[in-house]
Amino acid sequence: MVRSQQQVPHSGGPEGHDTTQELRYPDIPFPPSPIQQLPLSLALDKQVVSDTHRSSAFVPNLANDLFPKASFAITPNAVVKLCEKYFYDLTNWKWLYYPDFSNSADRIERASATASFLNKLTRISWLLYGDNRHPLPSVPRRWSVTQSSRLLVDGSKVASCGLALVDAGSADLQWSHILCDVQIESTLKGISRAVQKLTTGAAHIFATQEHRLFHLGLALAGDTCQLAYFDRAGRVLSPKFNVHKHCVLFARVIMGLTVLDKSFLGFDPNVILREGRRFLKVSQQEYEILETIHIKTTMLGRGTVCWRCRCPDDDEDFVIKSVWVDEREGAEEGELLMGVQMVAQLRTESDELVLRPDGEPYTTVRVRESRQGKKRSIVPYYVPRLVLRRIVFQPYARPPRDFSSKEELLEWMLDALQEHEAVYEDLHFLHGNINDDNIRAYTEPGSSRPRGMLIDFASAVSVSGQPATGSANEGGGTLPFTACDILLFPRQSEHGPWHDFESFLYVLMIICATCSGPSSTPRQGFDIRKSPMAPWYTSDGNRKADIMYLYSDAKFRAFLNRTFDPYFDDLKDIVCELRTLIMFRKYRQITHLDVMTVFDNHIRARRAIQAHAAIASKQASPVASKKRNCRKRRTDPSPSSSPALDAPAGPTHGMTTRAKSRAAPPRGPSLASNKPNLTRILTPSRRKTRASTEHAQFDQAGMATATRAAKRRKMV
């Protein structure tokens, strides 16, 4: 079947057929590829594998549902028949080149032999499609040997040698390149172990491939195969089957993975690659993806991804959020965003379900409701019924790491706290997922100062009672920013405002540890996962709680000295003060006012120091200062000039009290300079109390003075 001519007809990708291609795959097979080492970059724990194992479901017709017969231009049954005698023995029901695992104890040798067999089967399928001018992927796919570390249900890590299906030409393999993960065991007894190892691969693939809707893995144990389907609700398994006796089923799986469109492998068809650029279609409108703002790295749950996008021929930026939500919740976040618009100036352009090519919504229920004859499987109540939604809104806001000064960073966080208070007090929700991606900053029209804001209310917690709390949203937060109580007791803790305050504190700490200056300047040669803050990233809640609760002030300060970049040395005071307030307040009765007061005081102090330094720099030359002041007294005696900025340095003896006060440096401006001064810091009740007290004092003293004056007038 291998051709010898130098120019052969060959099917290209979606662009059409090329009839004058030079000799290439599948006419010439791929040479063996080197073994690829895959990094274990996610901090997985056994709970992830255990939860996935517990959520597993069995679907008898899984392969047929994923790869319907109608999707193949040449059916798998026809391919098996065409392979008779030279690749499959119909008499003995056996693949001729399938490796005998019992003859080799070496894992790499078994994996290499399996990769060789699968590449031969893939090439045969491509040749048959190409001979009949049927469409094929624009880039060939091949099976490569990989090595990696995998996590089992019991929490142990094992070295694994398996296979990965990738696009041909991928040199240095990463998890972002993998189309299908294969784990190999020598005997049938190891099939469960192979399936457990597939969970590690699925977690890494969801964390690195933002446009992945689901993922497929293969477990091979001797002559037995099992197909594993992973999505945001967990795992679905096919029945185990013998690759020789069920040759057509095995050919269906391999052909579905190698000759069909990538949407059959779980890639979102609404994400389009064109000339090296990515485009996303929402509501019949095409947006160009400029950057990925956020991707949630956990496999189970909402799988939130946020992109900064722009319409073609337009310079206006949008934020598009992709999220899996429980279909029983409907458009809850969209409705919440409508309320948040009052606070955050968000404009929701669209909020819709993402539809499959057949017009049905993408849902985690579809594959689990497999038909068996006229009967349909019932999905257990504990399995999430998730549907995919896309929300388009404005404005696009910058991340907090883009601050231009440390004062601006604190101001943005204080602004976000004010919005958090408004959502909590007015809408009765807690954000539930405060992290460094969900605090943003944008400049309002007509304003000169960027303002902090909150985004991504997908994990919002409805609250009630006094103080208002709600059920902790298990898995809803982001690991490094999760409060210690929620991390240690996820099913027992009521989510209160203090948990979000703790997350605000961790945002500040992590920025101080990973940045070395403004404008997102990264800290060179620093890996926070290998620093004293490593427990924040490894779900080691006990160690994290020891640092935050049990360290003395001096020990915690030493911890910050080892962790923070020197650029942020002067922010250690506010971090220590916030830690004392948030972690040690009795019964956790902490209000937004308490936390905002800490931020406001530090901002004012820093502004006052800056103003004083500016005055000192202006007064550095006494002679020039005297001449300048003399000219001003001669030419501009108007009292509108600012004495605090123009007064000469020197002793103040002989000055009146009013002159001394006017010569003092001005108090630094508050963050709320664009708003009524301290409207958040001084609440209405406190203003009323202070005003009534002052009024009462005036009444008593004033009446006494007026009475004495009246008596004197009568005496006269």
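Residues numbered from 1 in each chain as written. Predicted model: local features only at pLDDT ≥ 70, side-chain atom pairs only at ≥ 80, totals over all residues. Heavy atoms only, no water.

1. Considering the overall build of the protein
- A tally of helices and strands in the protein yields 18 helices and 30 strands.
- Per-residue burial over the protein gives 50% buried out of 716 residues.
- Of the accessible surface of the protein, which amounts to about 34100 Å², a share of 53% is contributed by carbon and sulfur atoms. (Helix = DSSP H or I, 4+ residues; strand = E, 2+ residues; numbered from the N terminus. Buried < 20%, exposed > 50% of the residue type's maximum accessible area, 1.4 Å probe, protein only. Areas by Shrake-Rupley, 256 points an atom, 1.4 Å probe, with all protein chains shown as cover.)

2. So, the side chain of D268
- Along the chain, D268 falls in the loop between α6 (247-258) and β14 (271-274).
- The class for D268 is buried, based on a relative accessible area of 3%.
- Here the side chain of D268 touches N270 through a polar contact of 2.9 Å, landing on its backbone nitrogen.
- Not counting the four nearest positions on each side in its chain, D268 is found in contact with H211, L213 and R390. (Polar contact = N/O pair within 3.5 Å; in protein donor to acceptor, adjacent residues only side chain to side chain. Contact = heavy atoms within 4.5 Å.)

3. Points about the nonpolar core
- Ranked by internal contacts, the top residues of the largest apolar core, which has 63 residues, are W95, W143, F250 and L257.
- The leading source of residues in this core is helix α4 (residues 107-131), at 9 residues.
- Summarising the domain contributions, this core has at least three residues from each of domain 1 (36-266) and domain 2 (270-396).
- With sequence-adjacent residues up to four places away left out, W95 is seen in contact with V80, F87, Y88, F117, L121, V243, H244, C247, F250 and A251. (Core = buried A, V, L, I, M, F, W, Y, C linked by side-chain atoms within 4.5 Å. Domains from an automatic or database assignment.)

4. Some details on the pattern of salt bridges
- Summed over the entire model, instances satisfying the criterion amount to 31 salt bridges.
- The partner of D456 in a salt bridge is K321, and the shortest N-O contact between them spans 2.4 Å. Here K321 lies in strand β18 (residues 317-326) and D456 lies in the loop between β25 (451-454) and β26 (461-462), a separation of 135 residues in the sequence.
- According to the relative accessible area criterion, D456 is buried, its value standing at 6%.
- Linking R451 and E419 is a salt bridge whose minimum nitrogen-to-oxygen distance equals 2.9 Å. (Salt bridge = Lys/Arg side-chain N within 4 Å of Asp/Glu carboxyl O.)

5. Description of the environment of L508
- By the element assignment, L508 lies in helix α10 (residues 497-514).
- Those residues in contact with L508 that lie beyond four places of it in its chain are L409, L410, M413, L571, I574, V575 and L578.

6. Some thoughts on helix α8 (residues 406-427)
- With 22 residues, α8 extends 31 Å between its outermost C-alpha atoms, agreeing within 8% with the 32 Å of an ideal straight helix rising 1.5 Å per residue.
- The buried fraction of α8 is high, at 19 of 22 residues.
- Just past α8, the residue H428 takes up positive phi, approximately 60 degrees. (Expected span 1.5 Å × (residues − 1).)

7. A closer look at the environment of K406
- Here K406 shows up in helix α8.
- With relative accessibility at 12%, the residue K406 sits in the buried group.
- Taking the C-alpha atoms as reference points, K406 and C512, 106 residues apart in sequence, are found 10.0 Å from one another.
- Not counting residues up to four positions away in its chain, the partners in contact with K406 are Y567, F568, D570, L571 and R606.

8. Details of the packing of helix α13 (residues 572-584) against helix α14 (residues 592-618)
- α14 packs onto α13 with a crossing angle of 165 degrees between their chain directions and a minimal axis gap of 11 Å. In terms of axis orientation, α13 runs roughly antiparallel to α14. The element α13 and its partner α14 pack so that their crossing is right-handed. Every residue of α14 that contacts α13 at D573, I574, E577, L578 and L581 is listed here: D594, V595, V598, F599 and H602. (Axes fitted to C-alpha atoms, helices over the stretch in contact; angles between N-to-C directions. Parallel < 35°, antiparallel > 145°, perpendicular 65-115°, else oblique. Left-handed = near helix turned anticlockwise from the far one by under 90°.)

9. Topic: the pairing of strand β7 (residues 141-151)
- Counting buried residues in β7 gives 9 out of 11 residues, a clear majority hidden from the surface.
- One ladder, built from 2 bridges, connects strand β3 (residues 36-37) with β7; its direction is parallel. Each residue of the ladder has a partner; that of Q36, found in β7, is T146.
- Note that β7 and strand β8 (residues 157-167) share 11 bridges and pair antiparallel. By the bridge assignment, R150 is partnered in β8 with V158.
- Joining the antiparallel neighbours β7 and β8 is a turn of 5 residues, in which G155 adopts a positive phi near 95 degrees. (Pairing = 2+ DSSP bridges.)

10. A look at the packing of aromatic side chains
- Tallied over the entire structure, the rule returns 19 aromatic pairs.
- Taking 4.2 Å as the distance between ring centres and 10 degrees as the angle between the ring planes, the aromatic pair formed by Y25 and F30 counts as stacked.
- Ring centres 6.3 Å apart and planes at 20 degrees place the aromatic pair F117 and F250 in the stacked group. Note that F117 is positioned in helix α4 and F250 in helix α6, a separation of 133 residues in sequence. (Phe/Tyr/Trp six-rings, centres within 6.5 Å; stacked < 30°, edge-to-face > 60°.)

11. Overview of the confidence of the model for the protein
- Overall, the predicted model of the protein reaches an average pLDDT of 81, with 78% of residues at or above 70.
- Of all secondary-structure elements in the protein, the lowest mean pLDDT belongs to strand β1 (residues 7-11), at 32, while helix α12 (residues 553-563) reaches the highest, 97.
- Taken as a whole, residues 1-21 scores under 50 in pLDDT and shows 49 contacts with residues more than four places along the chain or in a different chain. (pLDDT = per-residue confidence, 0-100.)

12. Here we look at unusual backbone geometry
- Omega for the peptide link from Q394 to P395 comes to 0 degrees, which places this bond in the cis form.
- Mapped onto the secondary structure, P395 falls in the loop between β22 (386-394) and α8.
- P467 follows Q466 through a cis peptide bond whose omega is -5 degrees.
- Tracing the backbone shows P467 in the loop between β26 and β27 (470-471).
- A positive phi is found at S519, a non-glycine position, where the angle reads about 60 degrees.
- Within the secondary structure, S519 is located in the loop between β29 (515-517) and β30 (521-522).
- The exposure class assigned to S519 is exposed, which follows from its relative accessible area of 52%.

13. A short note on the state of the cysteines
- A full pass over the atoms with the stated rule returns 0 disulfides.
- With no disulfide of its own, C225 lies 9.3 Å from the sulfur of C180, the closest cysteine sulfur.
- Free of any disulfide, C515 has its nearest cysteine sulfur in C512, 8.4 Å distant. (Disulfide = S-S within 2.5 Å.)

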